[in-house]
Amino acid sequence: QVQLVESGGGLVQAGGSLRLSCAASGGTFSNYAMGWVRQAPGKEREFVASNSWSGGNTNSADSVKGRFTNSRDNAKNTVYLQMNNLKSEDSAVYYCAARSLTESAYDYWGQGTQVTVSS
């Protein structure tokens, strides 16, 4: 059983930056691909970014490309989402998720961290 704990959310002005962290425990971290998903009020969950077990293969949504950087440190069992040039439409609860390498969907989810961008 993998436990994921996000941190780093908060209130920031438009154009500002935040760095989210997601600490994993309870499993072999390098056995999981990791992702970030967000959900704004009244909207469906939206894929933000993901990386492979090694961090060598990353993907991100078009809406955040060039602004968000997704990375992981397997020695620290942690993934990061560096968010720059934040916009009001980035306001959402951000969830960290883990997917076993043998699975096609995310198996484990964190509790989420709120990001609010004021305009």
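Scroll up to find the structure.
All of these numbers come straight from a predicted model, not from anything done at the bench.

Rules and cut-offs
- Residues numbered from 1 in each chain as written.
- Predicted model: local features only at pLDDT ≥ 70, side-chain atom pairs only at ≥ 80, totals over all residues.
- Heavy atoms only, no water.
- Helix = DSSP H or I, 4+ residues; strand = E, 2+ residues; numbered from the N terminus.
- Rg over C-alpha atoms; globule rule 2.2 N^0.38 Å.
- Buried < 20%, exposed > 50% of the residue type's maximum accessible area, 1.4 Å probe, protein only.
- Contact = heavy atoms within 4.5 Å.
- Areas by Shrake-Rupley, 256 points an atom, 1.4 Å probe, with all protein chains shown as cover.
- Lys, Arg positive; Asp, Glu negative; His and termini not counted.
- Charge placed at Lys NZ, Arg CZ, Asp CG, Glu CD.
- Pairing = 2+ DSSP bridges.
- Axes fitted to C-alpha atoms, helices over the stretch in contact; angles between N-to-C directions.
- Disulfide = S-S within 2.5 Å.

### Notes on the overall build of the chain
When helices and strands are counted, the chain shows zero helices and 11 strands. Of the regular secondary structure in the chain, the N- to C-terminal order runs β-β-β-β-β-β-β-β-β-β-β. Taking 119 residues into account, the globule formula puts the C-alpha radius of gyration at 14 Å, and the chain, at 13 Å, falls close to it. Along the first, second and third principal axes, the C-alpha set of the chain runs to 40 × 25 × 25 Å. Residue burial in the chain is summarised as follows: out of 119 residues, 42% are buried. Taking contacts inside the chain between residues at least 6 apart in sequence as the whole, the part at least 24 apart equals 55%. Taken as a whole, the chain presents about 6,100 Å² of accessible surface, with 45% of it coming from carbon and sulfur. If the 10 positive side-chain charges of the chain are averaged to one point and the 9 negative ones to another, these points end up 5 Å apart.

### A look at the sheet that holds strand β3 (residues 18-25)
The four strands lie next to each other as β1-β3-β8-β7, forming an open sheet whose pairing is antiparallel. In the strand order of this sheet, the two ends are held by β1 (3-7) and β7 (68-73), each with one partner. The sheet shows a mean angle of 15° between the axes of neighbouring strands, taken without regard to direction. Across six bridges, β7 lies against strand β8 (residues 78-83) in antiparallel orientation. Looking across to β8, one finds that D73 is bridged to T78.

### Some thoughts on the state of the cysteines
Scanning the model with the defined rule gives one disulfide in all. Across a sulfur-sulfur distance of 2.1 Å, C22 and C96 are joined as a disulfide pair. Across the S-S bond linking C22 and C96, the dihedral sits near -75°, which makes this disulfide left-handed. Of this pair, C22 sits in strand β3 while C96 sits in strand β9 (residues 92-100), and the two are 74 residues apart along the sequence.

### Details of unusual backbone geometry
Peptide bonds are mostly trans, and most non-glycine residues show a negative phi. Its identity as a non-glycine residue notwithstanding, N77 has a phi of 55°, on the positive side. Mapping N77 onto the fold places it in the loop between β7 and β8. Residue class for N77 comes out partly exposed when judged on its relative accessible area of 26%.

### Quick notes on the environment of S71
With respect to the helices, strands and loops of the structure, S71 is situated in strand β7. Residue S71 is classed as partly exposed on the basis of its relative accessible area of 32%. In the structure, S71 is positioned 48 residues away from S119 in sequence and 27 Å away in space, judged by C-alpha atoms. Excluding anything up to four places from it in sequence, S71 contacts N51, V79 and Y80.

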